[in-house]
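# Notes for the structure review
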Amino acid sequence: MIRTWPLITLLAFGAVTAGAMTPWLISGSAAGDSGQALQAAPPQPVGDPPADTSRPIDTRVKGVIAIGDAVMLTARDCLAERGISVHAKAIDDPEDLRLVAEEVSQDYTSVFIHLGHDAGLVDGQIERVGDAIRPDSTVVWATIQLPDPGWGGFTFEDRTNASIRNVVHRWPNARLLDWHELTARHPEWLSDGTSASPLGCTEYARRVAKLTEPGPRRSGKEKPR
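First, a word on what this report is: a plain description of the structure on this page. (Residues numbered from 1 in each chain as written. Predicted model: local features only at pLDDT ≥ 70, side-chain atom pairs only at ≥ 80, totals over all residues. Heavy atoms only, no water.)

### Overview of empty space enclosed by the protein
Summed over all chains, the structure comprises one cavity of 30 Å³ or more. Put simply, the largest cavity is a space of about 110 Å³. Lining the largest cavity are 16 residues, with Val71, His114, Trp179, Thr194 and Tyr204 positioned closest to its centre. Looking at the lining of the largest cavity residue by residue, the class counts come to nine nonpolar, six polar and one charged. (1 Å grid on protein atoms, 1.4 Å probe; cavity = no way out; pocket = protein on both sides within 12 Å on 5 of 7 lines; lining within 4 Å. Points joined across faces, edges and corners; volume = space filled by probe spheres on them. Nonpolar A, V, L, I, M, F, W, Y, C, P; charged D, E, K, R; others polar.)

### Describing the pairing of strand 5 (residues 174-177)
By the alternation rule, side chains of strand 5 split into Ala174 and Leu176 and Arg175 and Leu177, which are all buried. By the bridge criterion, four bridges tie strand 4 (residues 138-142) to strand 5 in an arrangement that is parallel. Along strand 5, the bridge assignment pairs Ala142 with Leu177. (Buried < 20%, exposed > 50% of the residue type's maximum accessible area, 1.4 Å probe, protein only. Helix = DSSP H or I, 4+ residues; strand = E, 2+ residues; numbered from the N terminus. Pairing = 2+ DSSP bridges.)

### A word on the packing of helix 3 (residues 94-104) against helix 4 (residues 123-131)
The interhelical angle for the contact between helix 3 and helix 4, taken along N-to-C directions, is 15°, at an axis separation of 8 Å. Considering the angle they form, helix 3 stands roughly parallel to helix 4. When the axes of helix 3 and helix 4 are compared, the crossing they make is right-handed. Of the residues in helix 4, those touching helix 3 at Pro94, Leu97, Arg98 and Ala101 are Gln125, Arg128 and Val129. Grouping the amino acids of the contact of helix 3 with helix 4 by side-chain chemistry returns four nonpolar, one polar and two charged. (Axes fitted to C-alpha atoms, helices over the stretch in contact; angles between N-to-C directions. Parallel < 35°, antiparallel > 145°, perpendicular 65-115°, else oblique. Left-handed = near helix turned anticlockwise from the far one by under 90°. Contact = heavy atoms within 4.5 Å.)

### Describing the environment of Gly68
Positionally, Gly68 belongs in strand 1 (residues 61-68). Residue class for Gly68 comes out buried when judged on its relative accessible area of 0%.

### Some words on the state of the cysteines
By the definition in use, this model includes one disulfide. Between the sulfur of Cys78 and that of Cys201 lies a disulfide, 1.9 Å long from S to S. Judged by the sign of its S-S torsion, about 125°, the bond between Cys78 and Cys201 is right-handed. Here the residue Cys78 occupies a position in helix 2 (residues 76-81), and Cys201 occupies one in helix 7 (residues 198-211), the gap between them amounting to 123 residues. Take Cys78 and Cys201: they sit in the same class, and that class is buried. (Disulfide = S-S within 2.5 Å.)

And the structure:
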């Protein structure tokens, strides 16, 4: 009779040993596969950063609007040749000017304001007009030129010009076209003491176009020559 007990015992012991090692083998294989998977995984794509909504989009026309009374009509064609829009109408008082400036200036990056003879202005009235215009606009104010009254009467010319010169530089983007001083040096630029002559029309429009260019503030004043 063949003695099988030792053989059975040996086989059983081998099966138990192999079974005890199986979790370690499986665990090791899984860990190895996992390690390889981590190494082979591609980097995750990074999404686009959120849009910056802190700054409003400027949708205005990139141009210049000139606001004035009937005197500006004599220079309208010269201004238009330089791409400047003209809003010239009768302006009865400073409040009317403020409303006009607030209404028509919002779509333009630069604003030019020049009254002729329809209304006089003082410091506080000029400030209210300036505050009605967008703060990021380039604004140019022009002094006024009125004909000397033959009877020696008083006009508001000097008072208004003094106020314009005094107030205009209170805004960082404001500039001055001293038309009164320029025409005093060049009387040929006027045809009747107020309206622009053909030569004055050209010179007027050239200076308006130069001063209304958006950008860093220059000296703020057109130097007379």
